[in-house]
Amino acid sequence: MTNSTNTPSTAADTPVRTRFAPSPTGFLHVGGARTALFNWLFARKHGGQFVVRIEDTDQVRSTAESAAGILSDLQWLGLDWDLGPVPGAGKNEYFQSMRLDIYRPYIDDLLNRGLAYEAWETPQQLAAMRMAAEKAKRPFRYRQNMPGRAPRGDGPCVIRFAIPWEEIRFVDEILGEIRVAGDEHDDIIIRKSDGFPTYHFAVVVDDHLMGITHVLRAQEHLMNTPKHLGLYAAFGWQPPRHAHMPLVFNMDNTKMSKRDKAKAARHALQLYARQKNDADFQKLAESLQPSAGVGSIPRVDSRAIGDFVAKKNDDTALAAVLAASIGVTLPEIDVHDFRRSGYLADALLNFISLIGWSPGENREILSRAEMLDLFSLQTIGKTSGRFDRKKLQWMNGEYIRRTSVDGLVAAVRSFLQVVEYPLADADDVILRQIIAMYQERMATLAEMAENSRFFFTEPKIDRSAGEKFIARNAGHAALVQIRDLLLSAALWNSESLSPIMEQIIALGEKRGAAAQALRVAVSGGAVSPPLLETLLLLGRDRTLARVDHALALFKADPPEPSQ
RNA sequence: GCCCUCAUCGUCUAGAGGCCUAGGACACGGGCUUUUCACGCCUGUAACUGGGGUUCGAAUCCCCAUGAGGGCACCA
């Protein structure tokens, strides 16, 4: 391994400058977030600059909403950029679609020097050529000198760059030396027939013009690098250093992608249909209507479901609607999904950083400052990792426990901006009490919001819990006693309720068993925060009303016939 | 099919030829604590893909096999 590559030799002369260059064709997903994080870390670590550039050269798939979403996700993660789009301000020069005039002269230059040429095949013709090559068991390579090229036509054409024939080699900062034979490449298209540059061309021109010193990207780009290097050579530019990071996969070793949502929804739908003993999705769609029509869930089109199930489309929005209709949660893939699931930005970032990177010293929970301190290209690994949600949950719980109540108030408020929960009704005083109760026992803010529902809305008592703890085992009688004990409280505060709580716990043969009846009555289920705190927050009136209601709902069992 | 990359517990990883009877974390099992659930604490199970070399000595270096992943678009 060449040692000279280990230290950024540019440090002395040129300041380090990295970039994150997403294409705005969807949400920011966790893989992209990790790429952004590593670039951010590297730039900050070396006192350099971090650039965000929107690669919207695909006119069909790029959307302004997607770009805005990606930027806001980056902001939520706290990855700030020095140069790039201004959130909420529309396109600027960091959107490639605004730079068409910049690319043009460079393409002309290549054309004039004979390093690029026009190609007139239609996409259909190219597909046919590929198929023919495959049939002949020969790899298809489009080169300028190949036989059978289409003659000059009169429609729009593409422009291809004549890739050099020599072997291209370079030193990757993570993988070491990479060499690829010259005949492995096509003459890549650098301008599409719509006049837009391709990614390959725009990325090279922009990285050069923007003074990018280090390109840190996912390993799926590894085979693009030789092509890009060919372009740098053609322009006589000094290429940036390249570092390709290992990929992130699902636990089942498949690539994490937005299609996973469609897959999961499809799977759930099939189970649902089997359960309903109805493979006819037309009917299924109709049966979904009552619940689907309510609130924000739009009507479900039965034909769309058919297409979806038949894998004719992977529409994530439809997947979300369908899953919501049948009460199934889709896997989190995008940063936004994790935000909606109640993960803290710092926890997500910390977890993501540990896939493919190790700070050493058995360190795991790291603040940003610590990450910055420990980060380097040398400590990035070569092996792809799997995204273990269980570990993320644990880590998020750790973060929740380590964050101050003030910090959590802010996090919960931010969380409630993207998801609806009755917890949103809580003022800061109430919210702080809720947080105090749940901080020790929750892994995500969503769990907190979900489990604390009964403080804000009347719970419907879980049937099996009610039968187990109130209707049986002398639970009903115990609850009557509990009611009297509560009634005896002089004041509804901690001081006067504590001894009463102690008596309630002591009730019956098994310590704490009777208290379960009270828990079920006030919270609706067998699990809640400690009762004393729960009752205090609920208040006297609501507590007693719920006890009365439970008492009425579950009449005492008739005495068991003796055996 | 062709090209490229990678290979340590189920998962994330430590390991830069002797510190390795392979360390940590998650998950899982057992125990303690306990008014439920958690949290916390203690504890256990669990890995160097296989085969050849090199070397006094290999998880660490080399080769082959196998496996996994990526790429082969007018997507990025």
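This structure is a prediction, so every number in the text was calculated from the model and none was measured.

A.B. asks: Got a minute to help me understand the overall build of chain A in this structure?
C.D. replies: Assigned secondary structure in chain A consists of 24 helices and 11 strands. Whereas a compact globule of 563 residues would reach a radius of gyration of roughly 24 Å, chain A reaches 31 Å, over 25% beyond that. Projected onto the principal axes, the alpha-carbon positions of chain A cover approximately 95 × 60 × 45 Å. Looking at chain A residue by residue over its 563 residues, the buried ones come to 49%. In chain A, of all internal contacts separated by at least 6 residues, the share reaching a separation of at least 24 is 73%. For chain A, the exposed surface amounts to about 27600 Å²; the carbon and sulfur share of it is 52%. Taking the average place of the 67 positive charges on the side chains of chain A and the average place of its 68 negative ones, the gap between the two points comes to 4 Å.

A.B. asks: Is there a simple way to explain the protein's contact with RNA strand B in this structure?
C.D. replies: Taken together, 62 residues form the shell around RNA strand B, and within it Gly356, Glu364, Thr383, Arg441 and Ser528 come nearest. For RNA strand B, the backbone portion of the atoms within 4 Å of the protein, that is sugar and phosphate, comes to 75%. Note that a phosphate oxygen of RNA strand B is positioned 2.7 Å from one of the side-chain N or O atoms of arginine 386. Proline 530 is positioned with one of its backbone polar atoms (N or O) 3.1 Å from a base oxygen of RNA strand B.

A.B. asks: Would you mind going over the side chain of serine 353 with me for this structure?
C.D. replies: Mapped onto the secondary structure, serine 353 falls in helix H13 (residues 345-353). A distance of 2.7 Å separates the side chain of serine 353 from the backbone oxygen of asparagine 350, its partner in a polar contact. Once residues within four sequence positions are removed from consideration, serine 353 is found in contact with Leu37, Phe38 and Met371.

A.B. asks: So what exactly am I meant to see when it comes to the side chain of asparagine 250 here?
C.D. replies: Examined against the element boundaries, asparagine 250 turns out to sit in the loop between strand S10 (248-249) and helix H8 (259-275). Its relative accessible area of 9% is what places asparagine 250 among the buried residues. In contact with asparagine 250, other than residues within four places in its own chain, are Lys255, Met256, Asp260, Arg386 and Arg389.

A.B. asks: Help me understand the nonpolar core, please; the structure alone is not making it clear to me.
C.D. replies: Grouped burial of nonpolar side chains is what soluble globular proteins tend to show. Formed by 111 residues in total, the largest nonpolar core has its most connected members in Leu77, Phe387, Leu479, Leu486 and Leu518. The leading source of residues in this core is helix H2 (residues 30-45), at nine residues. In contact with leucine 479, other than residues within four places in its own chain, are Ile470, Ala517, Leu518, Ala521, Val547, Ala550 and Leu551. Tyr103, Ile163, Leu229 and Trp237 belong to the second largest nonpolar core, which has 25 residues in total.

A.B. asks: Would you mind showing me how to read the packing of aromatic side chains here?
C.D. replies: What the rule picks out here adds up to 12 aromatic pairs. Judged by centre distance (5.0 Å) and plane angle (80 degrees), the rings of phenylalanine 351 and phenylalanine 387 are edge-to-face. Taken as a pair, phenylalanine 351 in helix H13 and phenylalanine 387 in the loop between strand S11 (385-386) and helix H15 (389-402) lie far apart in primary sequence, 36 residues in all. Among the residues examined, phenylalanine 351 registers a relative accessible area of 4% and is labelled buried. Above the face of the tryptophan 165 ring, arginine 143 is positioned so that its terminal group lies 3.7 Å from the ring centre.

Reading the values: the criteria
- Every chain's residues receive numbers from 1 upward, in the order its sequence appears when written.
- As they are written, the chains are lettered A onward and the ligands numbered 1 onward, keeping that order.
- Restriction of local features to residues with pLDDT of at least 70 applies here, the model being predicted, together with a cutoff of 80 or more for giving and counting side-chain atom pairs; totals for whole chains, interfaces and linings are based on all residues.
- Heavy atoms from the whole structure form the basis of all side-chain values; hydrogens and water molecules are not counted.
- Secondary structure is summarised from DSSP: a helix means a run of H or I of at least four residues, a strand means a run of E of at least two, and numbering begins at the N terminus for each.
- For the radius of gyration, the atom set is restricted to C-alpha positions; the globular benchmark scales as 2.2 Å times the number of residues to the power 0.38.
- For every residue, the accessible area (1.4 Å probe, protein chains only) is compared with the maximum for its type, and the residue is labelled buried under 20%, exposed over 50%, or partly exposed between those bounds.
- Contacts are assigned to residue pairs that have any heavy atoms within 4.5 Å of one another.
- All accessible areas in this document rest on Shrake-Rupley with a 1.4 Å probe, and a residue is counted as covered only by the protein chains that are shown.
- The charge count treats Lys and Arg as positive and Asp and Glu as negative. His and the chain ends do not count.
- Every charge is mapped onto a representative atom, which is NZ of Lys, CZ of Arg, CG of Asp or CD of Glu.
- The rule for a residue being near a molecule or strand is that one of its heavy atoms must lie within 4 Å of it.
- By the criterion applied in these results, polar contacts are pairs of N or O atoms within 3.5 Å in which, for protein atoms, one can donate a hydrogen and the other can accept it, and in which residues neighboring in sequence qualify only through two side-chain atoms.
- As used here, the term nonpolar core means buried Ala, Val, Leu, Ile, Met, Phe, Trp, Tyr and Cys residues forming a set that is joined through side-chain atoms within 4.5 Å.
- Any Phe, Tyr or Trp ring, taking Trp's six-membered ring, that has another such ring centre within 6.5 Å forms a pair; planes under 30 degrees apart are called stacked, those over 60 apart edge-to-face, and the others tilted.
- A ring has a charge above it when a Lys NZ or an Arg CZ is no more than 6 Å from the ring centre and no more than 35 degrees off the ring normal.

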